[in-house]
Amino acid sequence: MPVALHGTGVSRGIALGPARLLQRGGLDIPQYVLPPHLVDEEVERFIAALEAARTQLRAIRQQIPAGTPTDIAAFIDTHLLMLEDATLATVPIELILREGCNAEWALQMQQEALTRVFDQMDDAYLRTRRDDVAHAILRVQQLLLNQNQREAAIAAEAEDGRIIVTDDLSPGELVLLHQHNVAAIVTEHGGPMSHVAILARSLGIPAVVGVHNAWQYIRDGEPVVVDGRQGVLLAGLDAQGAAFYRTRQQQEKRARAQLHRLKDTPTVTADGAAIALFANIELPEDIQAARRVGAAGIGLYRTEFLYMNRSTPPDEDEQYRAYSKVVKAMKGKPVTIRTLDLGADKTADGAPPERGGANPALGLRAVRLCLREPELFRPQLRAILRASTHGTVRLLIPMISTLQEVRQVQELIAEARDDLRRRRQAFAGNIAVGGMIEVPAAAICAEDFARRLDFLSIGTNDLIQYTLAADRLDETINHLYQPLHPAVLRLIHTTLRAGTEAGIPVTMCGEMAGDPLLTRLLLGLGLTEFSVPPPALLEVKRIITASELEPLRRIARKILRQDDMEQSARLLAELNSDD
Ligand code: PEP
Ligand code: MG
């Protein structure tokens, strides 16, 4: 009997192969109190396990093959840094000494304390740090308990083409699996923002996450199929079913090779309208991925990644070097540098010790934090202005909700220019300053913002969450997080119209822009600048170049008037029907 288990497809591609059930990562953590004369020995045991964990990670890092995307090494480095940080290296020792407890339990207590802090964070990327902490701690606990078998199992079974089915994976494990030519991964936990998802996408491994109870239904060794686009794991297929997926796999391979031919072709619709297709990046190293797909520029550079995993914020010169690297690499193509978008977790990353309040997502984050902490913001503004001498820079302000915030940032930019003039340091005379439309208030008043800014950029990840009051990270209300909700589409449309009327460009840099199923709808609504994750860029380009605008506009207008999302979905299917 065929079985189809559904989850969230986070990395496209089809894989057929034997399922390998990877032992679940959870451990039973013992708790006991030590007699006082054994406490020092326990501290030694902890230190030895910590050092062994670091040695393992360094070994994994060294095995990363040349040509692997740089973010893989960065993820391993994140874990190494965590194991060197006082929160994991010193606090557990203090707990062992104070409580007289065993090392595994001291780590457990520290993990629970950190999880509570992470759970209050509102930023998707920062919340994924909770998983990093859990993975780093688990590695040490496994060593303490002599249960470090998962990586050994991955390395021992050097069979190519396996489909891994497990509860969750760490970045280190994913790297190992990649080295052993894993065909696909299926995890019971995780969402599109989890590290497994991000890494699988960048490594091109088909992946489905959130497949609940996969272990219950799949037997080790049985042939299975993973469809990373549809988010499904299939078992028990007959010969005909398997042949169907094998054909689709071949078709996808051919389609990918075809896509690469589009890299250097202009992004123009079939009826001649020029569209700008930019890439989103998180770190300067990501620029290679953007260039590999021929991005017309960087539409979103999330600078907060520079502030993470460290105890003090980067100074002006370090920021200048990072931004300049990106600007120079793009050789005159526009680079949109978004100013710091940190949330309520700033202490973890060396920013001032403010709290986000009861609702961190609605609290002191992004531009609000920067205006409250100008000493954190000023070095960044100066660094951006200095880097702008090396190419074309656009400065993007996240999460604006009032015009006063825009005015205040503009004043701070003017002051930053004065500072640089006094210091006789070079900076570009005027750089475009834009605002992110990700709060409904900003979208509703988009025309006011459009009159005072040089460009707008729609951040749909947050715009959807704030418009629908649906936390973008909360699995339990995932069904409410709906890009096709009429309120979301109308706010997007209002923003696009405001840009046209004011004669300024409007980009979309949220995940919606990179979803090929929405490309035609967005074109029909009037979007002319897309900024997408590099792996999505060529597929979006293919759709743009194969589309004529006029029919899209007609159906998009109809969708905009819908009050019923099911009907919108049907119209969307019609829009995409000939693709
Ligand atoms: C967005 O909110 O759509 C966006 C691009 O910003 P981030 O995902 O970094 O919050
Ligand atoms: Mg956002």
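Just so you know, these numbers come straight off a predicted model, no measurement behind them.

The rules we used
Residues numbered from 1 in each chain as written. Chains lettered and ligands numbered in written order. Predicted model: local features only at pLDDT ≥ 70, side-chain atom pairs only at ≥ 80, totals over all residues. Heavy atoms only, no water. Helix = DSSP H or I, 4+ residues; strand = E, 2+ residues; numbered from the N terminus. Buried < 20%, exposed > 50% of the residue type's maximum accessible area, 1.4 Å probe, protein only. Expected span 1.5 Å × (residues − 1). Donors = N, O, S within 2.8 Å, 3.2 Å for Na, K, Ca; no water. Core = buried A, V, L, I, M, F, W, Y, C linked by side-chain atoms within 4.5 Å. Contact = heavy atoms within 4.5 Å. Near = heavy atom within 4 Å. Polar contact = N/O pair within 3.5 Å; in protein donor to acceptor, adjacent residues only side chain to side chain. Areas by Shrake-Rupley, 256 points an atom, 1.4 Å probe, with all protein chains shown as cover. Domains from an automatic or database assignment. Pairing = 2+ DSSP bridges. Axes fitted to C-alpha atoms, helices over the stretch in contact; angles between N-to-C directions. Parallel < 35°, antiparallel > 145°, perpendicular 65-115°, else oblique. Left-handed = near helix turned anticlockwise from the far one by under 90°. Nonpolar A, V, L, I, M, F, W, Y, C, P; charged D, E, K, R; others polar.

A. Structural context of unusual backbone geometry. Non-glycine residue Asn 181 carries a positive phi angle of around 50°. Take Asn 181: it is sitting in the loop between α8 (171–179) and β5 (184–187). When its relative accessible area of 43% is taken as the criterion, Asn 181 is described as partly exposed. Positioned with a positive phi, Arg 424 is a non-glycine residue whose angle comes to about 60°. Tracing the chain through its elements places Arg 424 in the loop between α16 (403–423) and β13 (432–437). Among the residues examined, Arg 424 registers a relative accessible area of 77% and is labelled exposed.

B. Fine view of helix α1 (residues 39–62). In a regular helix each residue adds 1.5 Å, so 24 residues correspond to 34 Å; α1 covers 35 Å between its end C-alpha atoms and thus fits that length. Among the residues of α1, those classed as buried are Val 39, Glu 42, Val 43, Phe 46, Ala 49, Leu 50, Ala 53, Arg 54, Leu 57 and Ile 60.

C. Structural view of the coordination of the magnesium ion (ligand 2). Listed as protein donors to the magnesium ion (ligand 2) are Glu 438 (OE) and Asp 462 (OD); their distances from the metal cover 2.1 to 2.2 Å. On the criterion of sequence distance, the pair formed by Glu 438 in the loop between β13 and α17 (440–444) and Asp 462 in helix α19 (residues 460–467) is long-range, its members being 24 residues apart.

D. Seen up close, the nonpolar core. The biggest cluster of nonpolar side chains holds 96 residues, and the ones touching the most others in it are Ile 298, Tyr 323, Ile 492, Met 512, Leu 521, Leu 525 and Phe 530. The element that contributes the greatest number of residues to this core is helix α15 (residues 374–387), accounting for 7 residues. The contact partners of Met 512, leaving out residues within four places of it in the chain, are Thr 460, Ile 464, Pro 483, Val 488, Leu 489, Ile 492, Leu 518 and Leu 522.

E. Broad picture of the side chain of Asn 576. Checked against the element boundaries, Asn 576 lands in the segment after α24 (565–575). Contacts of Asn 576, omitting those with residues within four sequence positions, involve Leu 517 and Arg 520.

F. Here's a closer look at the site of ligand 1. Of all residues adjacent to ligand 1, which total 14 residues, the nearest are Arg 302, Arg 338, Gly 459, Asn 461 and Arg 472. In this structure, Glu 438 approaches ligand 1 through a side-chain N or O atom, which is 2.9 Å from an oxygen atom. Asn 461 places a main-chain nitrogen or oxygen 2.7 Å from an oxygen atom of ligand 1. When ligand 1 is considered free in solution it has 290 Å² of accessible area, and contact with the protein chains removes 99% of it. Of all the secondary-structure elements, those providing two or more residues to the shell around ligand 1 are β10 (298–302) and α19.

G. Region of interest: the domain arrangement of the protein chain. Parsing the protein chain into structural domains produces domain 1 (3–24 + 149–241), domain 2 (36–144) and domain 3 (269–575). For domain 1 and domain 3, the distance between their C-alpha centres works out to 32 Å.

H. Region of the structure containing the sheet that holds strand β15 (residues 506–508). Reading around the barrel, the 8 strands line up as β9-β10-β11-β12-β13-β14-β15-β16 and close back on themselves, with parallel pairing between neighbours. Here the average twist between neighbouring strands, direction ignored, is 25°. For strand β11 (residues 335–338) and strand β12 (residues 393–397), the ladder comprises 4 bridges, and the chain directions are parallel. Note on β12: the bridge partner recorded for Thr 336 is Arg 394. Packed onto the sheet, helix α13 (residues 316–329) meets β9 (276–281), β10, β11 and β12 and runs at close to 160° relative to β10.

I. Region of the structure containing the sheet that holds strand β2 (residues 8–11). On the basis of which strands lie adjacent, the open sheet formed by 8 strands has the order β1-β8-β7-β3-β4-β5-β6-β2 and mixed pairing. The strands lining the two open edges of the sheet, one partner per strand, are β1 (3–6) and β2. Ignoring which end each strand starts from, the neighbouring axes of this sheet average 30° apart. Looking at chain direction, β1 and strand β8 (residues 232–235) are connected through 4 bridges and run antiparallel. Residue Leu 5 lies in a different strand from β8, and its bridge partner there is Leu 233. Along the sheet, helix α11 (residues 239–260) makes contact with β3 (14–21), β7 (223–227) and β8, crossing β3 at roughly 120°.

J. Structural view of the environment of Met 82. You can see Met 82 is positioned in helix α2 (residues 70–84). Residue classification places Met 82 among the buried residues on the basis of a relative accessible area of 11%. Residues Met 82 and Ile 137, 55 residues apart in the sequence, show an inter-C-alpha distance of 9.1 Å.

K. How the structure looks around the pairing of β3. Pairing of β3 with β7 involves 5 bridges; the strand directions are antiparallel. Residue pairing across strands places Ile 14 opposite Asp 227, the latter belonging to β7. By the bridge criterion, 3 bridges tie β3 to strand β4 (residues 163–166) in an arrangement that is parallel. Residue pairing in the sheet places Leu 21 in a bridge with Val 165 of β4.

L. Spatial organisation of the packing of α15 against α16. At a minimum axis separation of 9 Å, α15 and α16 run at an interaxial angle of 65°. The angle between the axes of α15 and α16 places the two elements in the roughly perpendicular class. Between α15 and α16 lies a crossing whose hand is right-handed. Taking contact as the criterion, the partners of Phe 377, Arg 378, Leu 381, Arg 382, Leu 385 and Arg 386 in α15 are, on α16, Val 409, Leu 412, Ile 413, Glu 415, Ala 416, Arg 417, Asp 419, Leu 420 and Arg 423. Residue composition of the contact of α15 with α16, grouped by class: 8 nonpolar, no polar and 7 charged.

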